[in-house]
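A look at the structure
Residue strings, one per chain:
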Amino acid sequence: MAQNSASSSPVAAVDEVVNRFKASVKTGQNWFLALLEAIKNWPVSEESYDGQNYNYVIAGEALDMPQIAERLLTAAGELVPEEEKLDFLFHNKPPLQLSMEKTQELMGELRLGQYLNFFYGIVVEEALMQTVEEEVQKEEQGLKTCNETETIDEAYRRIYENTQRTLLRQFRKEMGYSASRSMTLKQLKEFRYWRFKYRLKHCDKARIASDTKKALAWMKRNNIR
């Protein structure tokens, strides 16, 4: 028998996961556990919903879990306490602390791996940039020789041994994007992930480990999870 096309559409598949998430919360399951299970079964990599574009998988490899969480928690409405919702969406502070084993059980190995790509390839990569920019600014403090653009370029040279302009041009060429004075949020995340992979390819392992440790320490100091 032919499968009903409406029931197998992306919209219907998303609705099914959202409704299952809401039903689980209504019947007493902790919303965070239900959320991780919903993420495991999330059926689309991008979506337009209620006037907003959601891009859930960056470069086909990095799962933007905060985007899926925002989508699900918005749909949940008052089923999830507002304070817990805001703590998670804006401060990455879940209501429960889970082991890596339990997290993998709920999310699945594939989704967890994709999320770790997002965390290290986008969140930590941006933290590294912020860290090195601060180092440059401290070194130049009082000299007033560097403007913001020069500070950013110096940070790029220290991290990637190349300028922002050169890397951005190479990124756009590889991705098939035209030159522009601005970037969409999706492109910005893609560029961060592209830089992460560029660094893995061109820097030695000891330096990569050192830079990651430095970025994680900066995140801890600034209470960024």
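Residues numbered from 1 in each chain as written. Predicted model: local features only at pLDDT ≥ 70, side-chain atom pairs only at ≥ 80, totals over all residues. Heavy atoms only, no water.

**Remarks on the side chain of Glu 133**
By the secondary structure assignment, Glu 133 is in helix α6 (residues 109–139). Buried and without a salt bridge, Glu 133 has Arg 195 as its closest oppositely charged side chain, separated by 7.5 Å. With residues near it in sequence (within four places) discarded, Glu 133 still touches Thr 151, Ile 152 and Ala 155. (Helix = DSSP H or I, 4+ residues; strand = E, 2+ residues; numbered from the N terminus. Buried < 20%, exposed > 50% of the residue type's maximum accessible area, 1.4 Å probe, protein only. Lys, Arg positive; Asp, Glu negative; His and termini not counted. Salt bridge = Lys/Arg side-chain N within 4 Å of Asp/Glu carboxyl O. Contact = heavy atoms within 4.5 Å.)

**Considerations on the nonpolar core**
Within the largest apolar cluster, 58 residues are counted, with the highest numbers of intra-cluster contacts made by Phe 21, Leu 35 and Trp 42. With eleven residues, α6 is the single largest residue contributor to this core. Residues in contact with Trp 42, not counting those within four places in the same chain, are Val 14, Val 17, Val 18, Glu 47, Tyr 56, Ile 68, Arg 71, Leu 72 and Arg 111. (Core = buried A, V, L, I, M, F, W, Y, C linked by side-chain atoms within 4.5 Å.)

**What about the packing of helix α2 (residues 31–40) against helix α3 (residues 65–76)?**
Following both chains from N to C, one finds α2 and α3 inclined at 120°, their axes separated by 10 Å at the closest point. Classed by the angle they form, the pair α2 and α3 counts as oblique. Crossing geometry of α2 relative to α3 is assigned as right-handed. Seen from α2, the contacting residues are Trp 31, Leu 35, Leu 36, Ala 38 and Ile 39; seen from α3, they are Met 65, Ile 68, Ala 69, Leu 72 and Leu 73. In the contact of α2 with α3, the residues fall into ten nonpolar, no polar and no charged. (Axes fitted to C-alpha atoms, helices over the stretch in contact; angles between N-to-C directions. Parallel < 35°, antiparallel > 145°, perpendicular 65-115°, else oblique. Left-handed = near helix turned anticlockwise from the far one by under 90°. Nonpolar A, V, L, I, M, F, W, Y, C, P; charged D, E, K, R; others polar.)

**A few points about the packing of aromatic side chains**
For the coordinates displayed, the defined rule picks out 15 aromatic pairs. Plain terms: the ring middles of Trp 42 and Tyr 56 are 5.4 Å apart, the flat faces sit at 75° to each other, and that makes the pair edge-to-face. Of the two residues, Trp 42 is situated in the loop between α2 and β1 (46–49) and Tyr 56 in the loop between β2 (52–55) and β3 (57–58); the sequence distance between them amounts to 14 residues. Centre to centre, the rings of Phe 119 and Tyr 120 are 5.0 Å apart; their planes meet at 85°, and the pair counts as edge-to-face. You can call Tyr 120 partly exposed: its relative accessible area is 34%. Each member of the aromatic cluster is reached from another via a ring pair, and the members are Tyr 156, Tyr 160, Phe 171, Tyr 177, Phe 191, Trp 194 and Tyr 198. (Phe/Tyr/Trp six-rings, centres within 6.5 Å; stacked < 30°, edge-to-face > 60°.)

**Remarks on the side chain of Ser 24**
Residue position: Ser 24 is located in helix α1 (residues 10–26). By relative accessible area, Ser 24 is classed as buried at 19%.

**Concerning the pattern of salt bridges**
Two side chains that carry opposite charge are able to pair once their charged atoms sit near each other. In total, this model carries 15 salt bridges according to the counting rule given. Notably, a salt bridge pairs Glu 126 with Arg 195, separated by 3.9 Å at the nearest N-O pair. Of the two residues, Glu 126 sits in helix α6 while Arg 195 sits in helix α9 (residues 185–202), which places them 69 residues apart along the sequence. On the basis of relative accessibility, which here comes to 3%, the residue Arg 195 falls in the buried class. For Glu 135, the salt bridge is made with Lys 214, and the minimal N-O distance between the two is 3.4 Å.

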